[in-house]
Amino acid sequence: MPVKGVKQAPIVVEKDSVTVRGIELKGQWNRMFEPRVIDDYDLTHLDRVAALSGGESIEFCYQCGKCVPVCPVDVVGNYGPRKIVRKLQLGVDLTEDADLWLCTTCMNCLRVCPKEVDMIKIMPAVREQAILDGKFVPPELQKTFENIARYGNPQGESPRKRADWAKEAGVPVPIMASVKRPVDVLLYVGSYPSYHPRGKDAARAMARVLTALGVDFAILGHEEKEDGDSVRLAGEKGLYETLADSTIKTLAKYRFNRIVVFGPHEYNAFKNVYPKFAAENGLAWDYAILHYTQFLAERLDQLTPLLKKPIEITTTFHDPCYLGRHNGEYDAPRRLLAAIPGVTLVEMGRSRENGYCCGGGGGGMWLDSFAGGHQKMRLSERRVQEAVEYGASLLSVCCPYEVSRFEDGVKSTGNDGKLIVRDIIEMIDEAMRAE
Amino acid sequence: MANDAVLIIGGGPAGLEAARGVAGLGARAILVERRNNLGGAPINERYAALTHGFRDAEEVMNEIIAEVTSEALIDVRLGYSVAAVAGSAGDFTVTLAKEGNGHSDVVNVGAIIVATGFQHFDPGRETQMYGYYEFDDVITLQDSERMLKDRNWVRPSNGESPKRVCFIQCVGSRDRHIGNEYCSKVCCGIASKQAIEIRQQVPDCRVFIFYIDMRMYGYWENEIYWPAQEKYKVQYVKGIVTEILKKGDKLLVRGEDTTMGRPVEVTMDVVVLSNGMEPSAGTKEMARVLGLKQNKYGFIEVPHDALNPTATSVPGIFVSGAAAGPRDLDDSVGTGGAAAMKAVSLARKLARGDLQLANASR
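Keep in mind the model is a prediction, meaning the values are calculated, not measured. (Residues numbered from 1 in each chain as written. Chains lettered and ligands numbered in written order. Predicted model: local features only at pLDDT ≥ 70, side-chain atom pairs only at ≥ 80, totals over all residues.)

Novice: How should the overall build of chain A be read in this particular structure?
Specialist: Along the backbone of chain A there are 20 helices and 12 strands. When its C-alpha atoms are laid out on the principal axes, chain A stretches across 95 × 55 × 45 Å. In chain A, which comprises 435 residues, the share counted as buried stands at 47%. Of all intrachain contacts in chain A linking residues separated by at least 6 positions in sequence, the fraction that spans at least 24 positions is 78%. (Helix = DSSP H or I, 4+ residues; strand = E, 2+ residues; numbered from the N terminus. Buried ≥ 20, exposed ≤ 12 C-beta atoms within 10 Å, placed from the backbone. Contact = placed C-beta atoms within 7 Å.)

Below is the structure:
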């Protein structure tokens, strides 16, 4: 800058470190907030992850990048499985990194990964290690673990109130301990249909539909507990094992032909995870497991004549990750929707195998505040926008995590009045109410 | 006086296979090798394990050499080079000169196979600043092979066991400045193979490979690349190194980690330059003596025909192995056998006076 008409060289003062208002700042931070140059490939943490049981495949990644475009978290933030591998290669301790808690275990990366890098095994293993090492665990998740450990449900509600929803079902809901005889169907309700206000709506609808079909069913009532699959995926393996042990032993007391579950997460637990746990611990576990959409789809001949009331609406369907990608069931929910008179189904771009994630899986249900700090918007909000973009007036779901997530998303994205969210069982129940 | 004898120039893998092939067809082979030993690059450069298959190079080559030298139909001429050629397909008169003593020999053959191979690119010519001749601990693939073969993979500067080693791919290949625009085909596989061997011999040494694209075609993918990564924990980093500087007693490797979009400045104990292939001096000389067209890189030109990989611009003269361009061992040996079949069948057709057939089978 000229001073009195003479050009003066700028005076630049650069210190290695300076203290501002008690905060010590490194000189390099004056220019950028993280050191830019990679001056080491410290493989300590990569080796550590690879050494974990379940972590082995982290080293299979050859950075092709196929996983990133399909990762639902990357769509709303800066994330992606291959990026995690690179961070590890660069010396980042994943047990101390926020990325550790952002994965929803939706499995879309594994679906497209040519090397089968299995984040569904890697993430829970590293989370478990982080918990064992006493590293930072998001407080809301920690609180959920405590609730589940103490009360058997994530909400921290009284276990005694688990079957209270049934009082307003309008039909009798038998409890296993009281019926004292074998039943055809053990309905495993799950924590959200038991306690969440909107979940309870779906639970009541379920009781009415089963009754209308003449199904001989019963629930566990206050003996039922959180299944623990999301707890396991969120890294609390010990708590998961306690819950699995308890559920397996509770069910062993009763006689029934099949278990029908409300939630895809319970479905995954009972079908894919419990059998291994039971075998390792000398427990019996040999049940036919059905998601409720599968159970009802098998009975469409009987169900269809009961669906008399048309619901004139354009709906789209959100594939739950744990029913679709994890367990390959895409058709049963769609067959039910097709049976409801008046309903028009439009498919979103991200559907079926490439279905988007609601953000609730793998512990995401209990990490909304934390994840919100690392994302432009919630995954559920992104999904709501997609449903609206495709012209749907109703977003139909069949996972108990989703109704509350998407209803919140409808409000926060300003789509109130444009889009409603319903569980498929609620739609069936409504279509049964001939006026 | 047409005959079905075949002159094979070069005693490496391609030439040895061509000689075996000619003899196997019942024709006489004259195998000329300028050096005083057979075996070509795997023996002369003292390779450790072969890419692919991991068999000991010396052991495998000695088996093939023993077969060739014990075959009555093969006349092995060590220490000879081809000084002149006259005649045409079916009737070549070739002057062989004994190196050093001025003695020469004239032979008459029906066809000629050129198997004079390649030479490793000299990193002194590279346009980055890798300092091969400046830094003891910057070495080439063949320097590394020698240390692996001796089971003494150390830092050349001080004989110590290395803790950090990296390979830099595409040195002398895919480079317009240097003039070698082609991919040398084998370096990705060889670097990965060597990385595995280093991890086997020096287990606490971590190995990195800086690359532009990993070209691990066919079974090299599952036999070399995947085990290198999954079993031997070799670290692949996409992004090529620009320069190497000295930092204390280590090498500072500077480049870009392209998938992170960040500069890299990491220290290494040893840097291996994955140097590619160029035509050998013998290949260039034989092209001149035999009047064969060369491509812009100096390799012997194969008239553009994917289905005739052993033809040259001169009828009756065939090419096999890396004299025609970058080739791995499979392709070198494969074209050696193919050239033998082509050479013998052409010579025999000409001997029968069946020129039309001979033209059709060039």
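Back to the write-up after that little detour.
Novice: Can you help me understand the overall build of chain B in this one?
Specialist: Across its full length, chain B holds nine helices and 18 strands. Taken against the 2.2 N^0.38 rule, which gives 21 Å for 362 residues, the C-alpha radius of gyration of chain B at 22 Å falls within 12% of a compact globule. The principal-axis extent of the C-alpha atoms belonging to chain B is close to 70 × 40 × 35 Å. Counting only residues that meet the buried cut, chain B has 51% of its 362 residues in that class. For chain B, contacts bridging at least 24 residues in sequence account for 65% of all contacts bridging at least 6. (Rg over C-alpha atoms; globule rule 2.2 N^0.38 Å.)

Novice: Sorry, what's going on with the domain arrangement of chain B here?
Specialist: Buried accessible area, meaning the area lost when the parts come together, often serves as the stated size of an interface. Residues and elements named next belong to chain B. Parsing chain B into structural domains produces domain 1 (6-117 + 280-360) and domain 2 (121-276). Distance from the C-alpha centre of domain 1 to the C-alpha centre of domain 2: 32 Å. Facing the 11 residues of domain 1 at the interface are 20 residues of domain 2. Of the residues contributing to the side of domain 1 that touches domain 2, the split by class is five nonpolar, two polar and four charged. (Domains from an automatic or database assignment. Nonpolar A, V, L, I, M, F, W, Y, C, P; charged D, E, K, R; others polar.)

Novice: How do you make sense of the sheet that holds strand β2 (residues 29-33) of chain B when you look at a structure like this?
Specialist: Across a sheet, strands are paired by hydrogen bonds formed along the backbone, either parallel or antiparallel in direction. All names here are of chain B. A sheet is described by the order of its strands in space; here five strands give the open sequence β3-β2-β1-β7-β18, paired in parallel fashion. Each end of this open sheet is capped by a strand with a single partner; those strands are β3 (74-78) and β18 (317-319). Put simply, the sheet's adjacent strands are angled 20° from each other on average, direction ignored. Bridging between strand β1 (residues 6-9) and β2 involves four bridges; their strand directions are parallel. The residue bridging L7 from the neighbouring strand is I30, located in β2. Its contacts with the sheet put helix α1 (residues 13-24) on β1, β2, β3 and β7 (111-114), and the angle it makes with β2 is roughly 165°. The strands touched by helix α8 (residues 329-351) are β1, β7 and β18; relative to β7, the strand with the most contacts, the crossing angle is about 165°. (Pairing = 2+ DSSP bridges. Axes fitted to C-alpha atoms, helices over the stretch in contact; angles between N-to-C directions.)

Novice: Would you mind going over the packing of helix α12 (residues 237-252) of chain A against helix α13 (residues 264-280) of chain A with me for this structure?
Specialist: The packing of two helices is summarised by the inter-axis angle and the distance between the axes. All names here are of chain A. One can describe the packing of α12 onto α13 by two numbers: an axis separation of 10 Å at closest approach and a directional angle of 85°. When the interaxial angle is binned, α12 and α13 end up roughly perpendicular. Within the contact between the two elements, α12 uses E241, A244 and I248 and α13 uses Y274, F277 and A278. Looking at the contact of α12 with α13, its residues break down into five nonpolar, no polar and one charged. (Parallel < 35°, antiparallel > 145°, perpendicular 65-115°, else oblique.)

Novice: Explain helix α18 (residues 379-389) of chain A to me, please; I cannot follow it from the model alone.
Specialist: Residues that lie three or four places apart on an α-helix share one face, since the helix turns once every 3.6 residues. Every buried residue belonging to α18 of chain A is among L379, S380, E381, R382, R383, V384 and A387 of chain A, and all of these are buried. Looking at the buried positions of α18 of chain A, the neighbouring elements they touch are α3 (72-75), β9 (313-317), β11 (394-397) and α19 (402-412) of chain A.

Novice: It is not clear to me how the domain arrangement of chain A should be interpreted in this structure. Could you clarify?
Specialist: Residue and element names in this part refer to chain A. Split by domain assignment, chain A resolves into domain 1 (44-132), domain 2 (139-297) and domain 3 (300-432). Each of domain 1 and domain 2 has a C-alpha centre, and these two points are 30 Å apart. Taken together, the contacts link six residues of domain 1 with six residues of domain 2. Within the side of domain 1 that touches domain 2, the residues separate by chemical class into three nonpolar, one polar and two charged.

Novice: Which parts of the structure should I look at to understand the interface of chain A and chain B?
Specialist: Across the contact, 13 residues belong to chain A and 16 residues belong to chain B. In terms of residue class, the side of chain A that touches chain B is built from six nonpolar, two polar and five charged.

Novice: Could you clarify how one ought to interpret the pairing of strand β12 (residues 235-238) of chain B in this entry?
Specialist: The side chains of a regular strand alternate between the sheet's two faces. In terms of strand pairing, strand β11 (residues 206-211) of chain B meets β12 of chain B through four bridges, oriented parallel. The partner of F210 of chain B across the bridge, within β12 of chain B, is V237 of chain B.

Novice: Please explain the pairing of strand β6 (residues 104-109) of chain B as it appears in this structure.
Specialist: Residue and element names in this part refer to chain B. Summarising the sheet, strand β5 (residues 91-98) and β6 pair through six bridges and their orientation is antiparallel. Bridging from a neighbouring strand, T95 pairs with V106 of β6. If you look at the hairpin formed by β5 and β6, you'll find five residues sitting between the two strands, and G100 has a positive phi there, around 95°.

Novice: Would you mind showing me how to read the environment of R46 of chain B here?
Specialist: Residues and elements named next belong to chain B. Within the secondary structure, R46 sits in the loop between α2 (40-44) and α3 (57-69). Through-space distance from the C-alpha of R46 to that of L307 is 33 Å; in sequence the pair is 261 residues apart. Setting aside chain neighbours within four positions, we find R46 in contact with E145, R146 and K149.

Novice: So what exactly am I meant to see when it comes to the nonpolar core here?
Specialist: Where a protein is soluble and globular, its nonpolar side chains tend to be buried together. Formed by 226 residues in total, the largest nonpolar core has its most connected members in V6, I8, I113, V114, V271 and A343 of chain B. Counting residues per element, this core draws most heavily on α8 of chain B, at 10 residues. (Core = buried A, V, L, I, M, F, W, Y, C linked by C-beta atoms within 7 Å.)

Novice: Would you explain the environment of D331 of chain B in this entry?
Specialist: Residues and elements named next belong to chain B. Mapped onto the elements, D331 comes out in helix α8. Taking the number of C-beta atoms within 10 Å as the measure of exposure, D331 has 20 and is therefore buried. C-alpha of D331 to C-alpha of S320: the two residues are 11 residues apart in sequence and 8.7 Å apart in space.

Novice: I tried to follow the packing of helix α10 (residues 197-212) of chain A against helix α20 (residues 424-432) of chain A on my own but got confused; where do I start?
Specialist: Residues and elements named next belong to chain A. The interhelical angle for the contact between α10 and α20, taken along N-to-C directions, is 50°, at an axis separation of 8 Å. Here α10 lies oblique to α20, going by the angle between them. The interaxial crossing formed by α10 with α20 has left-handed handedness. Of α20, the residues touching α10 (which contributes D201, A202, A205, M206, R208, V209 and A212) are I425, E426, I428, D429 and M432. Here the residues of the contact of α10 with α20 are counted per class, giving eight nonpolar, no polar and four charged. (Left-handed = near helix turned anticlockwise from the far one by under 90°.)

Novice: Whenever I open this one, the environment of A29 of chain B confuses me. Can you help?
Specialist: Considering the arrangement of structural elements, one finds A29 of chain B in strand β2. Those residues in contact with A29 of chain B that sit more than four places away from it in its chain are V6, I8, A19, V22, A23, L73, I74 and D75 of chain B.

Novice: Honestly, the sheet that holds strand β10 (residues 164-171) of chain B in this entry has me stumped. Any pointers?
Specialist: Residue and element names in this part refer to chain B. The strand order across the open sheet formed by five strands is β9-β16-β10-β11-β12, and the pairing between neighbours is parallel. Since the sheet does not close on itself, it has two edges, and those belong to β9 (138-140) and β12, each with one partner. The sheet shows a mean angle of 25° between the axes of neighbouring strands, taken without regard to direction. Pairing geometry for β10 and strand β16 (residues 270-275), over five bridges, is parallel. Looking across to β16, one finds that V165 is bridged to V270.

Novice: Looking at this model, I keep getting lost on α8 of chain B. Mind explaining?
Specialist: All names here are of chain B. Between the first and last C-alpha of α8 there are 33 Å, a value that for 23 residues agrees with the 33 Å anticipated at 1.5 Å per step. Most of α8 is tucked away: 17 of the 23 residues are buried. Downstream of α8 by one or two residues, G353 has phi in the positive range, about 80°. (Expected span 1.5 Å × (residues − 1).)

Novice: Which parts of the structure should I look at to understand unusual backbone geometry?
Specialist: With the exception of glycine, the majority of residues adopt a negative phi angle, and the majority of peptide bonds are in the trans configuration. At the junction of T51 of chain B and H52 of chain B, the peptide bond is cis and its omega measures out at 0° in the coordinates. Secondary-structure assignment places H52 of chain B in the loop between α2 and α3. Although it is not a glycine, M107 of chain A sits at a positive phi angle of roughly 80°. Secondary-structure assignment places M107 of chain A in the loop between α4 (81-89) and α5 (108-112).

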